[in-house]
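# Residue-level structural notes
The chain contents come next:
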Amino acid sequence: MIAIFKKELWSYFGNWSAWVIIAAFSLIMTLFLFFFENDSNIFDIGLASLQSYFVLVPWLLMFIIPALSMKTFAEEQQTGTLNWLFSQPLKVSELVFGKFLSVWVVGILCLIPSLIYLYTVYVLGVPEGNIDLGMTFGSYFGLIILIATFAGVGILASSLSQNQIMAYLLGVFMCFIMYFGIEQLASYKLLGGADFILQNIGFYQHFMGFTRGLIDFKDVAYFVFVIGLSLALSNHFINKKK
């Protein structure tokens, strides 16, 4: 598993794709938070808070994480190297988990430049340091676990697809439906009391708890369950390709 993890990390950083993704991610967030005129601009809001960042990031991640995960199995199958991996002395579960960890790590690295935003808001606050650090660090924890969840869903999409384009489109679709689609469907209140249950099936409500600085065991358990289910299904579909 560690060998697969190192191999995948090298494939991301060795050909500059991870560096480009991290740089693009940081540039887009900087423009929205500090330069573009919009409801997320920190200067326009006038509050010493990174709440805008934590609202915007999931939308960008649901496009970036599937871009990272689309190659994990779809490319292996497209190039014919999946059969070679099957011949190696490793379990399919180790293969799946090693690839999952590599996508998760690159996703987390996308968040590192945002520490500059945190320092900027901390210094510009009146008085200096007038920022809710509990809510901020709770939101970062939520983002880290949300990245893992998107990575699990992206790995599942890649294991179901024959090529990278299909893996990417399916991954974006699944992430969008789970994060925003279910939440919007529940907001129409078409199912009466069942709307609350539907709302809790999606990612949005569980992630919002973290952005309020609340690290609830139920929310953590929910995301861990979704990640485990995604990887278990990926393991099943890859095993069927043997």
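Residues numbered from 1 in each chain as written. Predicted model: local features only at pLDDT ≥ 70, side-chain atom pairs only at ≥ 80, totals over all residues. Heavy atoms only, no water.

The protein chain is annotated in an unreviewed UniProt entry as ABC transporter permease subunit from Chryseobacterium aquaticum. Per UniProt, the protein chain has the following entry under Subcellular location (unreviewed entry): "Cell membrane". (UniProt positions renumbered as here; feature names shortened; annotations may be inferred.)

## Points about the nonpolar core
By size, the foremost hydrophobic cluster in this structure holds 65 residues, and its most contacted members are Phe-25, Met-29, Leu-50, Tyr-53, Phe-150 and Phe-203. For this core, the element with the highest residue contribution is helix α9 (residues 133–160), accounting for 12 residues. The contact partners of Tyr-53, leaving out residues within four places of it in the chain, are Phe-25, Met-29, Leu-33, Leu-111, Ser-114, Tyr-117, Tyr-140 and Leu-143. (Core = buried A, V, L, I, M, F, W, Y, C linked by side-chain atoms within 4.5 Å. Buried < 20%, exposed > 50% of the residue type's maximum accessible area, 1.4 Å probe, protein only. Helix = DSSP H or I, 4+ residues; strand = E, 2+ residues; numbered from the N terminus. Contact = heavy atoms within 4.5 Å.)

## Considering the UniProt feature "domain: ABC-2 type transporter transmembrane" (unreviewed entry) in the protein chain
When the UniProt feature table is mapped onto this chain, "domain: ABC-2 type transporter transmembrane" (unreviewed entry) is found at residues 49–180. For residues 49–180, helix accounts for 79% and strand for 0%, while the C-alpha atoms at its two ends are 23 Å apart.

## A look at the UniProt feature "transmembrane region" (unreviewed entry) in the protein chain
Per the UniProt record, "transmembrane region" (unreviewed entry) is found at residues 12–36, 56–74, 95–119, 139–158, 165–182 and 220–238. With 79% helix and 0% strand, the stretch residues 56–74 has end C-alpha atoms that lie 29 Å from each other. Across residues 165–182 one finds 100% helix and 0% strand; the C-alpha atoms that close the span lie 24 Å apart.

## With respect to α9
Along its 28 residues, α9 runs 41 Å from first to last C-alpha, staying within 8% of the 40 Å computed at 1.5 Å per residue. Between the side-chain oxygen at the start of α9 and the backbone nitrogen of Gly-134 there is a gap of 3.2 Å, and the oxygen is on Asp-132. (Expected span 1.5 Å × (residues − 1). Polar contact = N/O pair within 3.5 Å; in protein donor to acceptor, adjacent residues only side chain to side chain.)

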